[in-house]
Amino acid sequence: MLDTNLLRNDLDNVAARLAIKKFNFNKELFLGLEEQRKTLQIKMEELQAKRNSASKQIGILKSKGEDTSVIMAEVAGLGEELKNAEAEFNDVATQLNNYLATVPNLPDESVPVGLDETANVEVRRVGVPRDFDFQVKDHVDLGVDLDRGVDFEAGAKVAGSRFAFLRGKIAKLHRALAQFMLNLHTEEHGYTEIYSPYMANAKALFGTGQLPKFEEDLFKTKRGDDDMYLIPTSEVSVTNMAAGDLYKEDELPFKFACHSPCFRSEAGAYGRDTKGLIRMHQFDKVEMVNIAHPDKSFEALEQMVQCAENVLKALKLPYRVITLCGGDMGFGAAKTYDLEVWVPSQNTYREISSCSNMTDFQARRIQARFKDANGKNRLVHTLNGSGLAVGRALVAVIENYQNADGSITVPEVLRPYMGCDIIK
RNA sequence: GGAGAAAUGGCCGAGAGGUCGAAGGCACUCCCCUGCUAAGGGAGCAUGCGCCCAAAAGCGCAUCGAGGGUUCGAAUCCCUCUUUCUCCGCCA
């Protein structure tokens, strides 16, 4: 949610910045509703003030034992009038809020302008893709050949397309990756480990911005009469821990790391990445979430990217860092860096992490604040980033560490977790 | 699943239809006192929103778990829901 004062006072500038995110702000709609809101709110509040003062008078007269019939007569009928005024106001306020809930966050000044991924800017490249002296296989062939370590047929039987089973050493490698990442962040990067619910209510999903606009991307279920959703990322559950909180300034920042499964319907992705583990309905991710001081959030974003990079560096996987352009950024993000890992079978880099500063966009929705030195309550900034997507990390390790005989060398840092140095 | 109790400001906790946005305490901020180790005195201290507006001040509205209702008037009465706690049952 954007600051409504910013919209009222600097509308043209806001609209121009939203255009960078491919959002066409409806100025006429907003201004029209805003004008009605103002009129109706004033009218309603005047009636309320009238009622309040009359009631107060009645109270005073009664306590003195005096007659109240005159003032009671004055106030007759006010209730009905007030009820109507409130209904009118609520109607317009709801329309206004519903529209504002669909408006994305503003991009930071430093974000490159552009409509799609072709305008993204590569920041750096780390590591050199390995030269294979044999024909590389993809992770599906490698995995299947290793005692059905990756099994899509079983996944399809049980749950349908875009689900898979992992088995044996591949399943263990997957677990090792998650363990390693979580340990790295908690032991080296100062993150606090979190275990979170895997379902969230509609309010939480609104808080982080998945609702109301992106419901079709979610798996929805019921709890009694209430809608519940499987989390598409633990960004949702972990960020919403801060909902309604008021922190002391020196408590900030909070840095949370959470390993969780993520559930995405991938509606609109039919035909894309249909082979392999790249795009699944369920995948694991180690997520980093920061609840940060607003003056330090962009600094925190750089640090978070470093933390994600450290995972790839430790695994010795070649990757590059991309700054997303405005048009390619997510709904709530003010700035996003993607990390892309080298995938030999596709001869390209594929996204394995996305780190974003959401500034106060989510904080305003969830009312997460802190008290500053002057005693003013200010919204915190929230950040989140993958550190990393475990399924895609598995793909990258399998493919980058493959040997001519179809075996997979275990990256050094994972050996303590695996208890072996080769999978064959 | 059954029975009961509760939900108030950053925290604890009073308030049981009228001048209550809410006593008191803790925490916090400022001042005074005191040369010393969470000692004393004083003052301040909820949030959101609107109007006005350069801004401040000011005025107003809303908020005592959430949503409805009764009433001229609701933290207080009624209904629904949510959450927490206690006891019983069940259970990974």
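## Focus: the side chain of glutamate 266
Looking at the element boundaries, glutamate 266 is found in the loop between β9 (254-263) and β10 (282-292). The exposure class assigned to glutamate 266 is buried, which follows from its relative accessible area of 14%. A polar contact is formed between the side chain of glutamate 266 and the side chain of arginine 279, at a distance of 3.4 Å.

## Some points on the protein's contact with RNA strand B
Neighbouring residues of RNA strand B: 23 residues in total, closest Arg8, Gln48, Arg51, Ser55 and Asn377. Take the atoms of RNA strand B that sit within 4 Å of the protein: sugar and phosphate atoms are 76% of them. Asparagine 52 is positioned such that a nitrogen or oxygen atom in its side chain is 3.1 Å from a phosphate oxygen of RNA strand B. One of the side-chain nitrogen or oxygen atoms of arginine 369 is found 3.0 Å away from a sugar or linking oxygen of RNA strand B. Element by element, the count of residues in the surface near RNA strand B is highest for helix α3 (residues 27-63), at 15 residues.

## A few points about helix α2 (residues 11-20)
Where α2 is concerned, the buried positions are Leu11, Val14, Ala15 and Leu18. The arc that holds every buried residue of α2, seen down its axis, measures 100°, which confines them to one face. Each element contacted by the buried residues of α2 is listed here: α1 (4-9) and α3. The positive-phi residue at the C-terminal boundary of α2 is lysine 22, with phi of around 60°.

## Considering the pairing of β10
Of all the 11 residues making up β10, 10 are buried; the element is thus mostly covered by neighbouring parts of the structure. With 10 bridges connecting them, β9 and β10 associate as antiparallel partners. Paired with histidine 259 across the two strands is valine 286, which belongs to β10. Note: β10 against strand β16 (residues 381-389), 7 bridges, orientation antiparallel. Considered in β16, the bridge of asparagine 290 is made with leucine 383.

## Description of the nonpolar core
In terms of nonpolar packing, the biggest core is built from 54 residues, with Leu177 and Met181 touching the most fellow members. Secondary structure elements with two or more residues in this core: α8 (168-187), β10, α11 (297-314), β11 (319-323), β12 (335-343), β13 (348-357), β16 and α13 (390-400). Per-element tally for this core: the top contributor is α8, with 9 residues. With near-sequence residues (within four places) excluded, leucine 177 lies in contact with Leu315, Val390, Ala393, Leu394, Val397 and Leu414. Counting residues in each nonpolar core, the second largest holds 27 residues, with Phe30, Leu33, Ala85 and Phe89 among its members.

## Observations concerning the sheet that holds strand β7 (residues 226-230)
Pairing within the open sheet is antiparallel, and its 3 strands lie in the order β5-β7-β6. Only two strands of the sheet have a single neighbouring strand rather than two, namely β5 (199-201) and β6 (220-223). Strand after strand, the sheet turns through a mean of 40° between neighbouring axes, direction not considered. In terms of strand pairing, β5 meets β7 through 3 bridges, oriented antiparallel. If you follow alanine 200 over to β7, its bridge partner there is tyrosine 229.

## A word on the sheet that holds strand β4 (residues 192-194)
Here we have 8 strands laid out as an open sheet, ordered β1-β11-β12-β13-β16-β10-β9-β4, and mixed in their pairing. Strands with a single pairing partner mark the edges of an open sheet, and in this sheet they are β1 (121-126) and β4. Neighbouring strand axes in the sheet, compared pairwise and without regard to direction, differ in orientation by 25° on average. Those strands touched by α11 are β1, β10, β11, β12, β13 and β16, and its axis lies near 10° from that of β16.

## Looking at the packing of aromatic side chains
Across all of its chains, the model carries 10 aromatic pairs by this definition. With 5.6 Å between their ring centres and 65° between their planes, phenylalanine 25 and phenylalanine 30 make a pair best called edge-to-face. With a centroid separation of 5.0 Å and an interplanar angle of 70°, the aromatic rings of tryptophan 342 and tyrosine 349 are classed as edge-to-face. A relative accessible area of 8% means that tyrosine 349 is categorised as buried. In this structure an aromatic cluster arises from ring pairing among Phe25, Phe30 and Tyr99. Positioned above the aromatic ring of phenylalanine 206, the side-chain terminus of arginine 365 is 4.2 Å from the ring centre.

## So, the pattern of salt bridges
Scanning the entire structure with this criterion turns up 21 salt bridges. Two residues, glutamate 34 and arginine 37, come together in a salt bridge whose shortest N-O distance is 2.4 Å. Of this pair, glutamate 34 and arginine 37 both sit in helix α3, separated by 3 residues, roughly a single helical turn. Arginine 37 shares its class with glutamate 34; the two are buried. Counted as one network, the salt bridges with shared partners bring together Glu122, Arg125, Arg320 and Glu340.

So, how was this worked out
- Residues numbered from 1 in each chain as written.
- Chains lettered and ligands numbered in written order.
- Predicted model: local features only at pLDDT ≥ 70, side-chain atom pairs only at ≥ 80, totals over all residues.
- Heavy atoms only, no water.
- Helix = DSSP H or I, 4+ residues; strand = E, 2+ residues; numbered from the N terminus.
- Buried < 20%, exposed > 50% of the residue type's maximum accessible area, 1.4 Å probe, protein only.
- Polar contact = N/O pair within 3.5 Å; in protein donor to acceptor, adjacent residues only side chain to side chain.
- Near = heavy atom within 4 Å.
- Arc of directions from axis to C-beta.
- Contact = heavy atoms within 4.5 Å.
- Pairing = 2+ DSSP bridges.
- Core = buried A, V, L, I, M, F, W, Y, C linked by side-chain atoms within 4.5 Å.
- Axes fitted to C-alpha atoms, helices over the stretch in contact; angles between N-to-C directions.
- Phe/Tyr/Trp six-rings, centres within 6.5 Å; stacked < 30°, edge-to-face > 60°.
- Lys NZ or Arg CZ within 6 Å of the ring centre and 35° of its normal.
- Salt bridge = Lys/Arg side-chain N within 4 Å of Asp/Glu carboxyl O.

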